[in-house]
Amino acid sequence: MNYIFEQGTKNAAKFILLHGTGGDEYSLLELARYIDPDSTILSFRGNIQENGMNRFFKRHGLNQFDLNNLENETDSLLKQIKEISTEENIPLEDWILLGYSNGANIAAHLLLEREHELSKGIFFHPMSLGANNHSTDGKKQMVWLSYGKEDPIVSKESFDELVNAFESSGSHSSVYSFNQGHELTMAEIKSAKTWLNNLRHRIQKD
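First things first, this report covers the structure right here in the doc. (Residues numbered from 1 in each chain as written. Predicted model: local features only at pLDDT ≥ 70, side-chain atom pairs only at ≥ 80, totals over all residues. Heavy atoms only, no water.)

**Examining the environment of Asp24**
Turning to step 1, where the next piece is worked out: Within the secondary structure layout, Asp24 lies in the loop between β2 (14-18) and α1 (29-35).
Turning to step 2, where the next piece is worked out: We classify Asp24 as partly exposed; its relative accessible area is 27%.
Turning to step 3, where the next piece is worked out: Counting along the chain gives 30 residues from Asp24 to Asn54, while the straight-line C-alpha distance between them is 6.6 Å.
Turning to step 4, where the next piece is worked out: Excluding its chain neighbours within four sequence positions, the residues that come into contact with Asp24 are His19, Phe44, Arg45 and Asn54.
Turning to step 5, where the next piece is worked out: Polar side-chain contacts of Asp24 include one of 2.8 Å to the backbone nitrogen of Tyr26. (Helix = DSSP H or I, 4+ residues; strand = E, 2+ residues; numbered from the N terminus. Buried < 20%, exposed > 50% of the residue type's maximum accessible area, 1.4 Å probe, protein only. Contact = heavy atoms within 4.5 Å. Polar contact = N/O pair within 3.5 Å; in protein donor to acceptor, adjacent residues only side chain to side chain.)

Okay, structure coming up:
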């Protein structure tokens with residue numbers, strides 16, 4: 001899997017970036033730098049090609065996911081995250097998964113469905129993938145998720161199912177909803193930045 005690694009300052013955020021369909025490892029760099037200009041960045045390009053567009057797992061049509069491929073690609077992504085974290089001497093618990101659309105979906109799936117020390121996520125326009133195979137009780141993860149009420153791709157039912165999965169696992173979720181579609185907006189990006197700043201202040205106090 002192609003990726004970019006950029007070392008930031010010691011106390012800044014550490015982001016794992018996962019783009020949406022048709023994006024690449026460069027797509028979310030500006031967004032991450034807006035949220036924290038001094039951040040460390042590990043940004044991946046999805047392995048899957050769909051009509052010339054990069055994705056992180058296969059689908060057979062809109063919201064018709066190849067669940068076997070999803071599991072394989074999730075395992076591959078986690079393996080690479082662990083390897084790079086070891087090489088760069090970054091504890092897994094320091095990373096923040098930051099994904100949009102397809103990238104947010106595999107990131108949320110990774111948090112919910114695998115055993116690891118990753119514990120924080122910022123997910124723009126994610127949805128439940130209908131794959132709930134592993135117990136994640138007691139993980140105490142911290143996630144921020146956004147939902148557009150006019151989103152033609154992510155239904156309210158699918159979004160709510162994902163939020164419920166996090167909360168049922170013992171995680172704390174913060175939801176930002178707004179009257180927009182599937183596109184990224186500055187208002188939600190600012191909300192994610194505020195959430196992360198507040199989270200880091202709480203962690204520092206503890």
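**Considering unusual backbone geometry**
Turning to step 1, where the next piece is worked out: Even without being a glycine, Ser101 presents a positive backbone phi close to 55°.
Turning to step 2, where the next piece is worked out: Among the secondary structure elements, Ser101 is positioned in the loop between β8 (95-100) and α3 (102-113).
Turning to step 3, where the next piece is worked out: Since its relative accessible area comes to 13%, Ser101 is described here as buried.
Turning to step 4, where the next piece is worked out: We note that His125 has phi near 60°; this positive angle belongs to a residue other than glycine.
Turning to step 5, where the next piece is worked out: Note that His125 resides in the loop between β9 (120-124) and β10 (142-148).
Turning to step 6, where the next piece is worked out: His125 sits in the buried class, given a relative accessible area of 1%.

**Some words on the packing of aromatic side chains**
Turning to step 1, where the next piece is worked out: Tallied over the entire structure, the rule returns seven aromatic pairs.
Turning to step 2, where the next piece is worked out: An angle of 55° between the planes, with centres 5.9 Å apart, marks the rings of Tyr3 and Phe44 as tilted. Of this pair, Tyr3 sits in strand β1 (residues 3-6) while Phe44 sits in strand β3 (residues 40-44), and the two are 41 residues apart along the sequence.
Turning to step 3, where the next piece is worked out: The class for Tyr3 is partly exposed, based on a relative accessible area of 36%.
Turning to step 4, where the next piece is worked out: Here the aromatic rings of Tyr147 and Phe159 are separated by 5.0 Å at their centres, their planes lie at 25°, and the arrangement is stacked. Of the two residues, Tyr147 is situated in strand β10 and Phe159 in helix α4 (residues 156-168); the sequence distance between them amounts to twelve residues.
Turning to step 5, where the next piece is worked out: Aromatic ring contacts, followed pair by pair, group Phe124, Trp144, Tyr176 and Phe178 into a single cluster.
Turning to step 6, where the next piece is worked out: Here the basic side chain of Arg55 rests over the ring of Phe57, its NZ or CZ set 5.2 Å away from the ring centre.
Turning to step 7, where the next piece is worked out: Of note, Lys193 hangs over the ring of Tyr34, and the distance from its end group to the ring centre comes to 4.9 Å. (Phe/Tyr/Trp six-rings, centres within 6.5 Å; stacked < 30°, edge-to-face > 60°. Lys NZ or Arg CZ within 6 Å of the ring centre and 35° of its normal.)

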